[in-house]
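Residues per chain are reported as follows:
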Amino acid sequence: MTVHVEIPTRTRLAMFVRLLAIQGAGNYETLLGNGIGFCVEPALRLLPGGQGGEAYRAALARQSQYFNAHPYMASVAVGALARAELDGEAPARIERFRTALCGPLGSVGDRLVWAAWLPACSVAALAAFGFGVGTGGVLLVFLGIYNAGHLALRAWGLSAGLDHGMRVASALGGPVLRRGPMHLAQAAALIGGIALPLALDQVIGPGRALFGIVLGAVALGGVVLARLHGRAEGWKIGVGLLVLFVLYSVAR
Amino acid sequence: MTDIAQLLPLALLGAVLGLDVVSFPQAMISRPLVAATAAALLLGDPVRGLLVGATLEMFALETLPFGASRYPEWGSAAVVGGSLFTVHDNTSPGALTVAVLAALVSAWLGGWSMVQLRKLNAQLARKRHDAVAAGSKRVVEGLQVFGLTADLVRGGLLTVVMLALFAPLQSYVLSTWGSDPRVSRAVVVGVAASVAAGAVWKVVHAAPGARWLLLGGVGVGLAIVAMR
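Residues numbered from 1 in each chain as written. Chains lettered and ligands numbered in written order. Predicted model: local features only at pLDDT ≥ 70, side-chain atom pairs only at ≥ 80, totals over all residues.

### A look at the overall build of chain A
Okay, so step 1: Summing up its helical and strand segments, chain A has 9 helices and 0 strands in all.
Okay, so step 2: In chain A, the succession of α and β elements from N to C terminus is α-α-α-α-α-α-α-α-α.
Okay, so step 3: Overall, the C-alpha framework of chain A stretches about 75 × 35 × 30 Å when taken along its three principal axes.
Okay, so step 4: Split into buried and exposed, the 252 residues of chain A put 50% on the buried side.
Okay, so step 5: The contacts in chain A between residues at least 6 apart in sequence include a share of 74% that link residues at least 24 apart. (Helix = DSSP H or I, 4+ residues; strand = E, 2+ residues; numbered from the N terminus. Buried ≥ 20, exposed ≤ 12 C-beta atoms within 10 Å, placed from the backbone. Contact = placed C-beta atoms within 7 Å.)

### Here we look at the interface of chain A and chain B
Okay, so step 1: Residue-level contacts link 85 residues of chain A with 93 residues of chain B.
Okay, so step 2: Contributing elements (two or more residues each) for the side of chain A that touches chain B: α2 (33–44), α3 (54–63), α5 (91–130), α6 (135–164), α7 (175–204), α8 (208–227) and α9 (234–251) of chain A.
Okay, so step 3: Looking at the side of chain A that touches chain B, the element that brings in the most residues is α7 of chain A, giving 19 residues.

### Looking at the domain arrangement of chain A
Residue and element names in this part refer to chain A.
Okay, so step 1: Split by domain assignment, chain A resolves into domain 1 (9–205) and domain 2 (206–252).
Okay, so step 2: Distance from the C-alpha centre of domain 1 to the C-alpha centre of domain 2: 35 Å.
Okay, so step 3: Between domain 1 and domain 2, the contact holds 5 residues from the first and 7 residues from the second.
Okay, so step 4: In the side of domain 1 that touches domain 2, the residues fall into 3 nonpolar, 1 polar and 1 charged. (Domains from an automatic or database assignment. Nonpolar A, V, L, I, M, F, W, Y, C, P; charged D, E, K, R; others polar.)

### Some remarks on α6 of chain A
Residue and element names in this part refer to chain A.
Okay, so step 1: In this model α6 runs 43 Å from its N-terminal to its C-terminal C-alpha over 30 residues, within 8% of the 44 Å that 1.5 Å per residue would give.
Okay, so step 2: Those residues of α6 that fall on the buried side of the exposure criterion are T135, V138, L139, F142, Y146, H150, L153, R154, G157, L158, G161 and L162.
Okay, so step 3: Backbone geometry just after α6 places G165 at a positive phi near 55°. (Expected span 1.5 Å × (residues − 1).)

### Section: the nonpolar core
Okay, so step 1: Counting 162 residues, the largest nonpolar core has V78 and A188 of chain A together with V200 of chain B as the members making the most contacts within it.
Okay, so step 2: Sort the elements by how many residues they give to this core and α5 of chain A lands first, with 20 residues.
Okay, so step 3: Residues lining this core come from more than one domain, with at least three contributed by each of domain 1 (9–205) and domain 2 (206–252) of chain A.
Okay, so step 4: Other than its neighbours up to four places away in sequence, V200 of chain B contacts P119, V123, A188, A189 and G192 of chain A together with L61 and L214 of chain B. (Core = buried A, V, L, I, M, F, W, Y, C linked by C-beta atoms within 7 Å.)

### Some thoughts on α5 of chain A
All names here are of chain A.
Okay, so step 1: Between the first and last C-alpha of α5 there are 55 Å, a value that for 40 residues agrees with the 58 Å anticipated at 1.5 Å per step.
Okay, so step 2: At D110, α5 shows its largest kink, close to 35°.
Okay, so step 3: Looking one or two places after α5, you find G132, whose phi comes out positive at around 85°. (Bend = angle between axes of the 7 residues up to and from the residue.)

### Concerning the packing of helix α2 (residues 32–42) of chain B against helix α3 (residues 46–60) of chain B
Residues and elements named next belong to chain B.
Okay, so step 1: Contact geometry for α2 and α3: axes closest at 7 Å, N-to-C directions at 155°. Classed by the angle they form, the pair α2 and α3 counts as roughly antiparallel. As for how α2 packs across α3, the hand of that crossing is right-handed. The residues of α3 that touch α2, namely those facing P32, L33, A35, A36, T37, A39, A40 and L41, are P46, R48, G49, L50, V52, G53, A54, L56, E57 and A60. (Axes fitted to C-alpha atoms, helices over the stretch in contact; angles between N-to-C directions. Parallel < 35°, antiparallel > 145°, perpendicular 65-115°, else oblique. Left-handed = near helix turned anticlockwise from the far one by under 90°.)

### A closer look at unusual backbone geometry
It is generally the case that most residues other than glycine have a negative phi and that most peptide bonds are trans.
All names here are of chain B.
Okay, so step 1: In this model, F24 is joined to P25 through a cis peptide bond whose omega is -10°.
Okay, so step 2: Tracing the backbone shows P25 in the loop between α1 (4–22) and α2.
Okay, so step 3: Of note in this structure, Q26 is not a glycine but carries a positive phi near 55°.
Okay, so step 4: Residue position: Q26 is located in the loop between α1 and α2.
Okay, so step 5: You can call Q26 buried: it has 23 C-beta atoms within 10 Å.

### Section: the packing of α5 of chain A against α7 of chain A
All names here are of chain A.
Okay, so step 1: Between α5 and α7, the shortest axis-to-axis distance is 7 Å and the interhelical angle comes to 25°. By the angle between their axes, α5 is roughly parallel relative to α7. Between α5 and α7 the crossing geometry is left-handed.
Okay, so step 2: A class-by-class count of the residues in the contact of α5 with α7 yields 23 nonpolar, 4 polar and 2 charged.

Right, dumping it as structure tokens:
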């Protein structure tokens, strides 16, 4: 039997704040599992028998098992799983649904946030730096834009999960999640292209000849690193090159 | 930099920003651009922090923290880099190079320390498995609080250790530095921008038209530089 339980604003708020710490106990065995239990817990207090009751303890145990997803998109799972528990869905069904959520919430979040939103915001901030915007302005561009998206995504995910419960898959088919990463990647390409020469110029300072040499080296280095895709990490190669340069500069 | 009054606030900052990387709240205040500037602000010169932060941000563009992958920890590392660059005056020719190198090494070690913390969390979760399986609120919340606290301590300790190690090393290296100041800066930002260019390409290459957008962007950027 399905009983619709209203979730008070205070409980929603508590779940949202806990979502910010969802990876607090992250590990290589249960991954986000404990975090999901931690975030769902305020809603489970509304189960028959209340906090510490049989239903509460069984649900908390179920929700604290292995789980893997993108940390921001895990908000969808937290909302949907809380709704499923409060709706009195069968435990076996909840467990199957929980397992099924991992893949899509991981891949959608990784593509949208780590591979698109974060790099786009990062190059936008570098462009602001390159244009000579002041310290506060650069930080405002980065933190303001990034967190507007970050917090909105977490809030939307929790709300969509709580509203749709086990039918939340329909919310994941929205245009922002499907086409957003592609448009963000295009924006990152354009802004990144503008940002790099400007940022280079800003750090090096005046002097065209040196700028030209560095630009040529960067183009060559960028192509080599892009071709090494997946086989070497550029920042580690950077450590090696900088160590050599420091040794050379000290030995001179 | 070995002064406790200077170290303590930087350690606290490194702890908070190290925590932001994964555990709480992942608002990206741990990105180098922000973290290095914040460290430099504590030392009274945020503009220098922004310079080293922007250079480190180019390296960090390559980091895509997918799932349980292993990646550098930029929060505490950028505090180390921002602090080291700020304590030296603008005329030190190798200051940016050494600060960036110290931050990169710290990020490497920080990434390793995050892996160790995750192993420790797993060990504790295994020990408490029966209590979790019994639905104990106290244990579920306790594991979370332990992980958060340990991560906070990890970031703080890493910052202190790396600053204590690199501050004297930096003084020695800068006192014997033989390269031209502008060439020194050009080398470090050239390496950083190469990493950033490769990273941007890696991220965008699958999007339709990205190649032309990137080239067009570079053209616009160069035109603006030429007009300066």
